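Spelled out, the chains give:
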Amino acid sequence: MEQLLRTELRTVTLRAFGSPGAGCISEGRSYDTDAGPVFVKVNRRTQVQAGNLRIPAWLSPQARQMFEGEMASLEALRSTGLVRAPQPMKVIDLPGGGAAFVMEHLKMKSLSSQASTLGDQMADLHLYNQKLKEKLKEGENTVGRRAEGVEPQCVTKFGFHTVTYCGFISQVNEWQDDWPTFFTRHRLQAQLDLIEKDYADREARELWSRLQVKIPDLFCGLEIVPALLHGDLWSGNVAEDDSGPIIYDPASFYGHSEFELAISMMFGGFPRSFFTAYHRKIPKAPGFEKRLLLYQLFNYLNHWNHFGREYRSPSLGTMRKLLR
């Protein structure tokens, strides 16, 4: 492994430092190199057990595809200039299967004093594409505007240009004009298909058949402009250092900004100041609370698929609440 890294990174110096980290899906290690410190995530796709997860062999993550999705997500987030995230460097195939993902090393600590700043920055990120759209509209009415392609282009559909992974589950991001269609098909239905495959849960099937036809009603009268999302913004994927907040481990796509907040409000970890700062810039729209339940349903289903039946009850309970 170390010789492979030396060759791929073209470095003589390769000195591991700190403690190796083992997440649910991948392992990580920091190294000093000739060009400075880097962080290397490693995933071996033949490994079907990771931590307390038992990954079905048919769902074993394709490591290169997973890391390429993360790399594309980091590049998209960083390109806005609005949030800090590690600079991605390279995805490397490993002999015998799997891949390594090399990125900038950042010395991070738990989010605390920078929570309000992060709330501001995430709101700015979610408004970024909308502002590009408004600027484009203004430019159409302006004589002598700049040549096309010089400035970032606004995105008019929901999705992403590549597959991303939320945990070990791949996410289809095929572009759609309509957000409820994208979310229902590529997020909720995709998770329920996996639950059907593994558990054949009759109650989940029956509740879903009733719920899916009601989903469009939750978006009546709402204009949704595609927003670039982190995609998995729970407390384990945010941090801070002396320079400010940091976000990492993204599963990005263009979607409804409210989707981002669902997992942030689950399981704790985000100070109230984060949400206060966020909603100063993006106030809650009518129907926010019920849509939040819908977005939390995705996260409960995703946890059911990752961690097992302990998430069956909250998944079904959320579906029942949405049907009231």
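From a predicted model like this one, the values you see are computed outputs, not experimental measurements.

A. Quick look at the packing of helix α6 (residues 257–264) against helix α7 (residues 272–281). For the pair α6 and α7, interaxial distance at closest approach is 12 Å and the crossing angle is 170°. Taken together, α6 and α7 sit at an angle that is classed as roughly antiparallel. Residues Ser257, Leu261 and Ser264 of α6 form the contact with α7, whose own contacting residues are Phe274, Phe275, Tyr278 and His279.

B. Layout of unusual backbone geometry. The phi dihedral of Arg10 is positive, around 50°, even though this residue is not glycine. Tracing the backbone through its elements, the reader meets Arg10 in the loop between α1 (2–9) and β1 (14–22). Positioned with a positive phi, Phe267 is a non-glycine residue whose angle comes to about 70°. With respect to the element layout, Phe267 can be found in the loop between α6 and α7. Taking relative accessible area as the criterion, Phe267 reaches 45% and is therefore assigned partly exposed.

C. Main features of helix α3 (residues 115–140). Between its first and last C-alpha, α3 extends 38 Å over 26 residues, near the 38 Å set by a 1.5 Å rise per residue. The largest bend in α3 is about 40°, located at Tyr128.

D. The arrangement of the nonpolar core in detail. Grouped together as the largest cluster of nonpolar side chains are 75 residues, with contacts concentrated most on Met122, Trp179, Leu188, Ile247 and Phe274. Ranked by residues supplied to this core, first place goes to helix α8 (residues 288–307) with ten residues. When sequence neighbours within four positions are dropped, the list of residues in contact with Met122 reads Val83, His230, Leu233, Ile247, Glu260, Phe274 and Tyr278. With ten residues, the next largest nonpolar core counts Leu5, Leu14, Val42 and Val102 among its residues.

About the criteria used
- Residues numbered from 1 in each chain as written.
- Predicted model: local features only at pLDDT ≥ 70, side-chain atom pairs only at ≥ 80, totals over all residues.
- Heavy atoms only, no water.
- Axes fitted to C-alpha atoms, helices over the stretch in contact; angles between N-to-C directions.
- Helix = DSSP H or I, 4+ residues; strand = E, 2+ residues; numbered from the N terminus.
- Parallel < 35°, antiparallel > 145°, perpendicular 65-115°, else oblique.
- Contact = heavy atoms within 4.5 Å.
- Buried < 20%, exposed > 50% of the residue type's maximum accessible area, 1.4 Å probe, protein only.
- Expected span 1.5 Å × (residues − 1).
- Bend = angle between axes of the 7 residues up to and from the residue.
- Core = buried A, V, L, I, M, F, W, Y, C linked by side-chain atoms within 4.5 Å.

The values are spatial; any link to function lies outside them.
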